[in-house]
Amino acid sequence: MNQDLYAKCSCQNCGTHIEFPIGLADHGINCPHCNQPTVLTLTAPEPTIAPDKLSARELLDAFTAPVAPTRVSFFYRIGFILVTFMMVLLPLVYLAMIGAAGWGVYYYATHFKFMLSSMEGGSRVYLVKLLAYVTPLFVGGVLVLFMIKPLFARRAPRAQPLALNPAVESTLFAFIAKICETVGAPMPKRIDLDCNLNASAGFRRGALGMLGNDLVLTIGLPLVAGLNLRQFAGVVAHEFGHFTQGFGLRLSYVIGSVNGWFARVVYERDAWDVGLAQWAEEAEDWRIMIIVNCARLGVWFSRMLLMLLMFIGHGVSCFLSRQMEYDADSYEIKLAGSDATEQTIKRLAVLGKATQKTYQNMRATWKKNHNLPDNIPVYLMQQEAAMPPAQREKIEDTVGLSRSGFFSTHPSDGDRIRCARKAGEPGIFHLELPATALFANFEVVAKQVTLLHYTDDIGLPCDPAMLRPVNNPPAQQTQPV
């Protein structure tokens, strides 16, 4: 008995393979996978690209010109050097304070021991004198100890974000490389993904990375889900705009590291702090309570010294920090254009509000039934799409009214918008497809990063069985520019 011969072809809409009897060649059918009309062919059709995708070549050709570098003045460079010197000086001032406190304890111990030289007045009087001698020594010793402790404070360990494979995400890597070439910045050695509504570029190995251009770019997938290609390109250009000024960037890293260290040692608490507080609460003898609470007063005083130095460092460096952000903004404006930059700022303000709502809902569902969405970027877009038009309009209308404060490390959205309008740049990249088109399969990586965010960043005891599917919204809510 003769058997029918079968052939295979691809659906002209979804690209899925269809197996069919050879006698049905050149006939039209509805695809069994996407239910769209297609023709069964024996010859392999030319590869097609989905409507929301671009080939890497088309993507790179959309960059019409390089971006002119932003020049900085001589006085700006001198200011950076002076501020860096001040920031390095502050930890030395703190070391001098430790030395002074230690010398004070030593001086008291050696010059006031005469208090214990006689038993005049009886044993009770001697015990009072002993307490009067020992208490300052104990408090001073604790003060010096807790002043030394911050010198060895380490940054809390952070989870490793999902690192992308260049072979899998070749279009995204080509896109990032083209932006780096366009603004004149080095290409990052690694691209990481996380669940923050942000993007950042930094030295991959901390201070060691300062010796070369060992950079890492971290992309927040909610940012990708919420922006179009033009807006996203501008954000990336902003991040790499920092790296066009290698000298200033390295000084900025030193300034930021000192500020970050002061902030950690002032606000973070460790087991020693907790133990001292618990000891004060559990002490029953009033004499022990006095000594321990005096020690806690000494620790408080050391933190006040650190806080004073922290505010001095912050006040000295915040102006230059804002100026660096303006310089980085100039690259975003030149690449994406003034109008697109303004729309991105407004868009991020709306997405920021939607992010707050997203996490409120997630906390509520987790407390209620230990259930979470399996795709935070898509879930965020659903929350943003459900935002009342009046609320969206209010956010967009008021975001440009804000002003930068004296201690602001970043310019306000209002000042950034005014700067973009003043520049009047048309931009050299104008593609407005969804930024998710850069990924081979955005849904897959979004789900992977979402689970890592729950388990590593938030620390929830979450497994895939606790995640509920999130359907894509009917249309991506990126704003046209």
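Please read all numbers here as calculations on a predicted model, not as lab measurements.

1. Some words on the packing of aromatic side chains
Line of reasoning, step 1. Inspection of every chain in the model, using the stated rule, returns eight aromatic pairs.
Line of reasoning, step 2. Aromatic side chains F63 and F175 sit 6.0 Å apart centroid to centroid with 55° between the ring planes, which places their arrangement in the tilted category. Here the residue F63 occupies a position in the loop between α1 (56–61) and α2 (74–111), and F175 occupies one in helix α4 (residues 170–183), the gap between them amounting to 112 residues. The two residues F63 and F175 agree in class, both being buried.
Line of reasoning, step 3. Where Y108 meets Y133, the ring centres are 5.7 Å apart and the plane angle is 25°; that geometry is what we call stacked. Note that Y108 is positioned in helix α2 and Y133 in helix α3 (residues 122–148), a separation of 25 residues in sequence.
Line of reasoning, step 4. For Y108, a relative accessible area of 17% gives the class buried.

2. Here we look at unusual backbone geometry
Line of reasoning, step 1. The backbone of H370 sits at a positive phi, close to 50°, despite the residue not being glycine.
Line of reasoning, step 2. On the secondary structure map, H370 appears in the loop between α10 (338–369) and β9 (372–373).
Line of reasoning, step 3. Assessed through its relative accessible area of 40%, H370 is described here as partly exposed.

3. Structural notes on α4
Line of reasoning, step 1. When the terminal C-alpha atoms of α4 are compared, their 20 Å separation across 14 residues agrees well with the 20 Å that a helix rising 1.5 Å per residue should span.
Line of reasoning, step 2. After α4 finishes, the residue G184 shows a positive phi value of roughly 80°.

4. Comments concerning the sheet that holds strand β5 (residues 162–163)
Line of reasoning, step 1. Taking strand neighbours across the sheet as the criterion, the four strands line up as β5-β6-β8-β7 in an open arrangement whose pairing is mixed. The strands lining the two open edges of the sheet, one partner per strand, are β5 and β7 (199–203).
Line of reasoning, step 2. Both strand β6 (residues 190–194) and strand β8 (residues 215–220) contribute to a ladder of five bridges, which runs parallel. Across the sheet, the residue bridging to D192 is T218, located in β8.

5. Notes on the nonpolar core
Line of reasoning, step 1. In this structure, F175, F232, F240, L335, F429 and F439 are the most contacted members of the largest nonpolar core, which totals 59 residues.
Line of reasoning, step 2. For F429, the residues in contact, after removing those within four places along its chain, are L59, A62, F63, F175, L229, R230, A233, L335 and A336.
Line of reasoning, step 3. Counting 24 residues, the second largest nonpolar core, distinct from the first, contains Y76, L305, M310 and L320.

6. Concerning the pattern of salt bridges
Line of reasoning, step 1. Per the stated rule, a full pass over the model turns up 13 salt bridges.
Line of reasoning, step 2. As a salt-bridge pair, E432 and R230 come within 3.5 Å of each other at their nearest N and O atoms. Of this pair, E432 sits in the loop between α13 (413–423) and α14 (442–458) while R230 sits in helix α6 (residues 229–241); the two residues are 202 residues apart in sequence, bridging distant segments of the chain.
Line of reasoning, step 3. Residue E342 pairs with K346 through a salt bridge whose shortest N-O separation is 3.2 Å. Taken as a pair, E342 and K346 lie in helix α10 at a separation of four residues, close to a single helical turn. Accessibility classification places E342 together with K346 in one group, the buried group.
Line of reasoning, step 4. Among the charged side chains, a network of salt bridges with common partners joins D329, E332 and R416.

Cut-offs applied
- Residues numbered from 1 in each chain as written.
- Predicted model: local features only at pLDDT ≥ 70, side-chain atom pairs only at ≥ 80, totals over all residues.
- Heavy atoms only, no water.
- Phe/Tyr/Trp six-rings, centres within 6.5 Å; stacked < 30°, edge-to-face > 60°.
- Helix = DSSP H or I, 4+ residues; strand = E, 2+ residues; numbered from the N terminus.
- Buried < 20%, exposed > 50% of the residue type's maximum accessible area, 1.4 Å probe, protein only.
- Expected span 1.5 Å × (residues − 1).
- Pairing = 2+ DSSP bridges.
- Core = buried A, V, L, I, M, F, W, Y, C linked by side-chain atoms within 4.5 Å.
- Contact = heavy atoms within 4.5 Å.
- Salt bridge = Lys/Arg side-chain N within 4 Å of Asp/Glu carboxyl O.

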